[in-house]
Amino acid sequence: MDGDKILEGSIKAASYNMILQVAFRIITFILNGLVLHNVDKDVLGILNVRLMLLIMTILFVSREAFRRACMSKTKDHNWHQVINLLWLTVPTVIICSLTFCYIWLHLLELPAEKYAADYKFAVYMFGASCTIESFVEPVYVFSQAFQYVRWRIFVDCVMMLIRVGTLVVSVLYYPAYTIKAMACGQMAVSTVLVVLYWFYFHQQFQMKAKLIKNKDLHPDDPLLALPLNSVLDFLPKRIKGETFIESDLAFLTWGFFKQGILKQVLTEGERYVMTVFAVLSFAEQGVYDVVNNLGSMAARFIFLPIEESSYFYFAQMLNRQIPIEQQPRQEIEQVAGVLHRLLRALSLVGSIIVVFGFSYSHLLLHLYGGITLTDGPGPLLMRTHCLSVCLMAINGVTEAYVFAAMSPKELDKYNGLMVLLSCMFLFMSWLLSYLVGSVGFILANCINMVLRIIHSLWFISGQYQNLGFKPLRGIIPTMLESASLVFVFAVTATSSFLIYPESAIFHVIIGAICGLVVIGAIFYEEPELMRTVVIAVKRRLGKVD
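Residues numbered from 1 in each chain as written. Predicted model: local features only at pLDDT ≥ 70, side-chain atom pairs only at ≥ 80, totals over all residues. Heavy atoms only, no water.

1. Some details on the overall build of the chain
Per the secondary structure count, the chain includes 20 helices and 0 strands. In the chain, once contacts between residues fewer than 6 apart in sequence are set aside, the share between residues at least 24 apart is 81%. For the chain, the computed accessible surface area is about 25,500 Å², with 67% contributed by carbon and sulfur atoms. (Helix = DSSP H or I, 4+ residues; strand = E, 2+ residues; numbered from the N terminus. Contact = heavy atoms within 4.5 Å. Areas by Shrake-Rupley, 256 points an atom, 1.4 Å probe, with all protein chains shown as cover.)

Right, dumping it as structure tokens:
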């Protein structure tokens, strides 16, 4: 795949993934409101914090390193060696499942007696579901490398429907069994995921076999470019004249593995602190999680898909084994341009979230959860989250570039810095939560994000200092964009103090007008962005081929 095709595939993946994430988050948003009004807050804390942390910990620690390593420069892979490496995820997941399930059952504080039995059942089911899910890794990574975007979206939708159906039925008709129902639903999701992927590629390889017999009729069919010919090729095997696993790839995986543990602590640090040190009750954890999910919706359904697709693009375009000065200048110029545009777009989106989040957090929480969320630290939590989301947007793309560009030795060295950041983050989370309550978790995360961004900017600046490209200038909006944001912040903040809550509708109208002002300034300063939007709209209306 050349650079243009990789970029096109990355953009398509980000677009489809964003649509799916938007749909998923909207549904989750509605369901959390449903749960909030029909189930005890303790159940919300057990499901959304304790059990979700268990499954995220097992899967991230055990498989993320393999996925990242095997997605680097996929066109250069010996896929049989890659598949052999990916099968190591199965014993890794088993070890992680046994370890973390034991910790969750015997070392952490258990819920109240009436929930204890259901909680233990759920822990066992979640551990088993992770083990089942590990059997899809070779097929999943292969599908990602060859950009089976629509298939992934379809499978994710099926999984989402199973989860949603299970939760709705249990909450509305069997609220006393919600924890057990969600555990069974997770087991069903993992099983369906594995079956669907293996069956789909069995069908794909059968189609490829037919195409090979009639190659002259379909010479450009993408199936013919697949390096494997049967689902049996997804099984581990010895390779004549080659090592069982490529040593460089194994070393890179080990580096990502150590880094993954630290990154998981950094990403979910506040949950680990509140879980291990029990600084919040399960009910308090449930409310915090609802506000946290509301505050980070943009990060999850916009920034995360962009981060994943950006990493894929940068990993394909950059060769981590060769200094950037020695790589093709045309490709590096394209990479620098993409990085600049990404940083500009995300910095603008993050700034808009901060500006409007300050003035409309209370209204959003009131509409969603009523006095349950607005009475207390909820509005302050939401406003602080907006700042965290802005930092998260910048950090996601800069780290995606850094992880794709670093050599294996640099990645291993970076782990030392991650250890320091992890320890500092955990300490700050504990200290600030002790001093200022639940908002301290978000403040600690903001401090952590700033430090990670500073390191990424230092690395990127060092790479491009002798090449004449300035991709980091994309972080800073233009003067007009900045002025419009400051003006809108002043107007909406004044409205929130003088007009809201007496006239919420008028407050919303002011916000809508201010939003148009900001959008107008952005389109005026970013003509390329405007052209992209116009073309996209015309295509949607069928006016452009």
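Having seen the model, we can carry on.
2. Looking at the packing of aromatic side chains
Applying the stated criterion across every chain yields a total of 31 aromatic pairs. Ring centres of W151 and Y197 lie 5.9 Å apart, and the angle between their planes is 80°; on these two criteria the pair is classed as edge-to-face. You can see W151 sitting in helix α7 (residues 149-173) and its partner Y197 sitting in helix α8 (residues 178-213), a full 46 residues away along the chain. For W151, a relative accessible area of 11% puts it in the buried group. Given the relative accessible area of 2%, Y197 is considered buried. Arranged with centres 5.6 Å apart and planes meeting at 15°, the rings of W254 and F257 form a pair that is stacked. Of this pair, W254 and F257 are both found in helix α9 (residues 247-267), 3 residues apart, which corresponds to roughly one turn of the helix. Overall, the relative accessible area of 47% leaves W254 in the partly exposed class. Directly above the aromatic system of Y311 lies the positively charged group of R68, at a separation of 4.5 Å from the ring centroid. (Phe/Tyr/Trp six-rings, centres within 6.5 Å; stacked < 30°, edge-to-face > 60°. Buried < 20%, exposed > 50% of the residue type's maximum accessible area, 1.4 Å probe, protein only. Lys NZ or Arg CZ within 6 Å of the ring centre and 35° of its normal.)

3. Comments concerning helix α2 (residues 41-70)
With 30 residues, α2 ought to run about 44 Å at 1.5 Å a step, and its terminal C-alpha atoms sit 41 Å apart, in line with that. In the structure, α2 departs most strongly from a straight axis at R63, where the bend amounts to approximately 45°. Here α2 lies mainly inside the structure; 24 of its 30 residues are buried. (Expected span 1.5 Å × (residues − 1). Bend = angle between axes of the 7 residues up to and from the residue.)

4. Considering the nonpolar core
Membership of the largest hydrophobic core comes to 114 residues, with the highest contact counts inside it found for F201, F314, Y401 and Y464. No other element matches the 14 residues that α2 contributes to this core. The contacts of F314, once residues within four sequence positions are left out, are V335, V338, L339, L342, V397, A400, Y401 and A404. Counting residues in each nonpolar core, the second largest holds 24 residues, with M297, L381, L391 and C446 among its members. (Core = buried A, V, L, I, M, F, W, Y, C linked by side-chain atoms within 4.5 Å.)

5. With respect to helix α4 (residues 89-107)
Residue pairs three or four apart in sequence face the same way in an α-helix, which turns once every 3.6 residues. Taking 1.5 Å as the rise per residue, α4 with 19 residues should run 27 Å; its terminal C-alpha atoms sit 26 Å apart, in good agreement. All of the buried residues along α4 are T89, V90, T92, V93, C96, S97, F100, C101, W104 and L105. All buried residues of α4 project into a common sector of 165° when viewed along the axis, lining one side. Across α4 from its buried face, at more than 90 degrees, point the exposed residues I95, L98, H106 and L107. (Arc of directions from axis to C-beta.)

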